[in-house]
Amino acid sequence: MEKSAKKPVVMSGIRPTGILHLGSYFGALQNYIRMQDEYECYFMVADLHSLTTHPDTKSLRANVLHVISEHLACGLDPDKVALYCQSAIHETSELYFYLNTLAYKGELEKTTTFKDKARLQPQNINAALLTYPSLMAADILLHRALYVPVGKDQEQHLEMARNFATRFNHRYGEIFPGPLAFNFGAALVKVPALDGSGKMSKSENQNATLYLSDDDALIRKKVMKAKTDEGPKVPGTPMPDYIENLFHLLQLVSTTEVYEKFVTDYNQCSIRYGDLKKQLAENMVQFIAPIREKAIVIRNNESYMQEVMEKGAAKAGESAKKTMQLVRDAIGVKYF
Ligand code: TYM
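Keep in mind that this is a model prediction, so the values were computed, not measured.

**Q** Whenever I open this one, the packing of aromatic side chains confuses me. Can you help?
**A** The description of an aromatic ring pair rests on the distance of the ring centres and on the angle between the ring planes. Applying the stated criterion across every chain, the model contains 13 aromatic pairs. A ring pair is formed by Tyr25 and Phe287, whose centres lie 5.0 Å apart and whose planes are at 80°; its orientation type is edge-to-face. Note that Tyr25 is positioned in helix H1 (residues 22-35) and Phe287 in helix H13 (residues 273-300), a separation of 262 residues in sequence. Judged by its relative accessible area of 12%, Tyr25 falls in the buried class. When the centroid spacing of 5.0 Å and the interplanar angle of 55° are considered together, the rings of Phe168 and Tyr172 count as tilted. One end of the pair, Phe168, and the other, Tyr172, are both in helix H9 (residues 155-172), four residues apart, so they sit about a helical turn from each other. A network of ring pairs unites the aromatic residues Tyr39, Tyr147, Phe182 and Phe184 as a single cluster. Above the face of the Tyr242 ring, Lys227 is positioned so that its terminal group lies 4.4 Å from the ring centre. Above the plane of the ring of Phe262 lies Lys261, whose end atom (NZ or CZ) is 4.5 Å from the centre.

**Q** It is not clear to me how the pattern of salt bridges should be interpreted in this structure. Could you clarify?
**A** Side chains that carry opposite charge are capable of pairing whenever their charged atoms lie near each other. In the structure shown here, the tally under the stated rule is 18 salt bridges. We note a salt bridge from Asp116 to Arg119, for which the minimum N-O separation is 3.5 Å. Separated by three residues within a single helix, Asp116 and Arg119 lie in helix H6 (residues 112-120), roughly one turn from each other. One salt bridge connects Arg220 with Glu282, and the closest N-O pair in it is separated by 2.8 Å. With a gap of 62 residues between them, Arg220 in helix H10 (residues 216-224) and Glu282 in helix H13 connect regions that are remote in the sequence. On the accessibility criterion, Glu282 (33% relative accessible area) is partly exposed. When salt bridges with common partners are traced through the structure, they connect Asp216, Arg292 and Glu293 into a single cluster.

Procedures and definitions
- Residues numbered from 1 in each chain as written.
- Predicted model: local features only at pLDDT ≥ 70, side-chain atom pairs only at ≥ 80, totals over all residues.
- Heavy atoms only, no water.
- Phe/Tyr/Trp six-rings, centres within 6.5 Å; stacked < 30°, edge-to-face > 60°.
- Helix = DSSP H or I, 4+ residues; strand = E, 2+ residues; numbered from the N terminus.
- Buried < 20%, exposed > 50% of the residue type's maximum accessible area, 1.4 Å probe, protein only.
- Lys NZ or Arg CZ within 6 Å of the ring centre and 35° of its normal.
- Salt bridge = Lys/Arg side-chain N within 4 Å of Asp/Glu carboxyl O.

Put into structure tokens, the structure is as follows:
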């Protein structure tokens, strides 16, 4: 394939349905940053996807800018990667249409995220919500990407993107690599909510989610409110979910020594959860504060933000145009 001589292509995206949190960071952004030197990277803010659940666009622009500034504050270099907004690349919609001809109602209806969202918004089960996986596949296949750094919750969407790519290749000729969910060979990440109920999320569960823009006091408050109990009384007691989650979070932001000290305390039944939460809160503050402060400075520089988005769209647009030439040729929808 034409792209095989170059760096492998990487693509991923984040919806601007709210602002970024620890899950967005450890599920996606951390790998974006690790991959930016070795791969040809396309990272975008999925504003079209957000319309499937958030049709009111009053805060869309502000959210997009916020999310872009956080990508940059986390260390993404816009000279190395294409950082852009989904709606700026019109070819996405064209590929989305072709992929929709290869996506079947039955499989779309069975998608977990569709079923969840349909339950949450029974008054707005729109066609784009149903075909969300085809649009996501279009984002990825538009750059003929091989690796897609995402968290665990996106695994099913990636399987579907792979299926659509295979069906396209089978029907029209080999154009697309089968994209793979990527986490450097490790299992995909799921960052749990502080209250032990599911995952951290942009728009749900806000008190149990640590946002990259939370101030220090709020971070401490959220962590200190996390559910605990009296602690194990007998060595070998399995950890309840909500305690396991705290250990998981500790492992993300604290040193190995700190993490292991609390594991030992737990195993010896001498753990004091108040101390664990204080430690976790301080390490969270140390982790989040520099990102928050940097993002504010970046966001205030509007012309720079504009420049980054324009440059990203130009680079992504070039790649999209090349792929769509191949796609139109393969399908045979080119008459002059
Ligand atoms: P979104 O916006 O829900 O999430 C963005 C990224 O963050 C990851 N993530 C998490 N990872 C671990 N633990 C969590 N608690 C957590 N919460 C979020 C997600 O797995 C994701 O990697 N459909 C996508 C957006 C999208 C996309 C794409 C992704 C649109 N087009 C093309 C990849 C490729 C979504 O809704 O992500």
